[in-house]
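A look at the structure
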Amino acid sequence: MLLVSPTIKSDFKEPWVTVTVTNLGDNPVTLNSLILSYYATKVIQFRIKPKCSRIVKPFYATLPHKLLQGEQWCGGLSQVPKLEEMARDGILMANMHIAGRKKPRRARIKMK
């Protein structure tokens, strides 16, 4: 399972955050939820104590979603000023929760 680092597209009229997940394994997996976590500093990130976390619903993809071998899932989130501020000022992480796994796959959201 590969979680491609989401990016915030800021050159479009209506910007959005794009998350792409590709199943690189041999077995099918089910994507359950997408959670954004904000950490003010790297020290707080290593202690795994986010300042705030939010479960988000992608606007052009559905969750839960079953991914077969080699398939890809893309989801988009509306970019609100608060998300942009969190990505610039601290560490904003996208956490994809997968059925049957204890820890989520994580990727940092960076501004472009």
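In short, a report on the structure. Remember, it's a predicted structure, so these values are computed and weren't measured experimentally.

1. Some points on unusual backbone geometry
Here L63 and P64 are connected by a cis peptide whose omega angle stands at 0°. Here P64 lies in the loop between strand 4 (52-56) and strand 5 (65-67).

2. Some remarks on the pattern of salt bridges
Following the criterion strictly, the structure yields one salt bridge and no others. Between R88 and E84 there is a salt bridge, with its nearest N and O atoms 2.6 Å apart. Highlighted residues: R88 and E84, both in helix 2 (residues 81-89), separated by four residues, approximately one helical turn.

3. Focus on the nonpolar core
Of all hydrophobic cores here, the largest spans 21 residues; its most connected members are V21, L31, L34, L36, W73, L92 and M96. If one sorts the elements of this core by residue count, strand 3 (residues 29-39) sits on top with five residues. The residues touching L92, leaving out its near neighbours within four places in the chain, are L36, S37, Y38, L83, M86, A87, A107, R108 and I109.

Scoring rules and cut-offs
Residues numbered from 1 in each chain as written. Predicted model: local features only at pLDDT ≥ 70, side-chain atom pairs only at ≥ 80, totals over all residues. Heavy atoms only, no water. Helix = DSSP H or I, 4+ residues; strand = E, 2+ residues; numbered from the N terminus. Salt bridge = Lys/Arg side-chain N within 4 Å of Asp/Glu carboxyl O. Core = buried A, V, L, I, M, F, W, Y, C linked by side-chain atoms within 4.5 Å. Buried < 20%, exposed > 50% of the residue type's maximum accessible area, 1.4 Å probe, protein only. Contact = heavy atoms within 4.5 Å.

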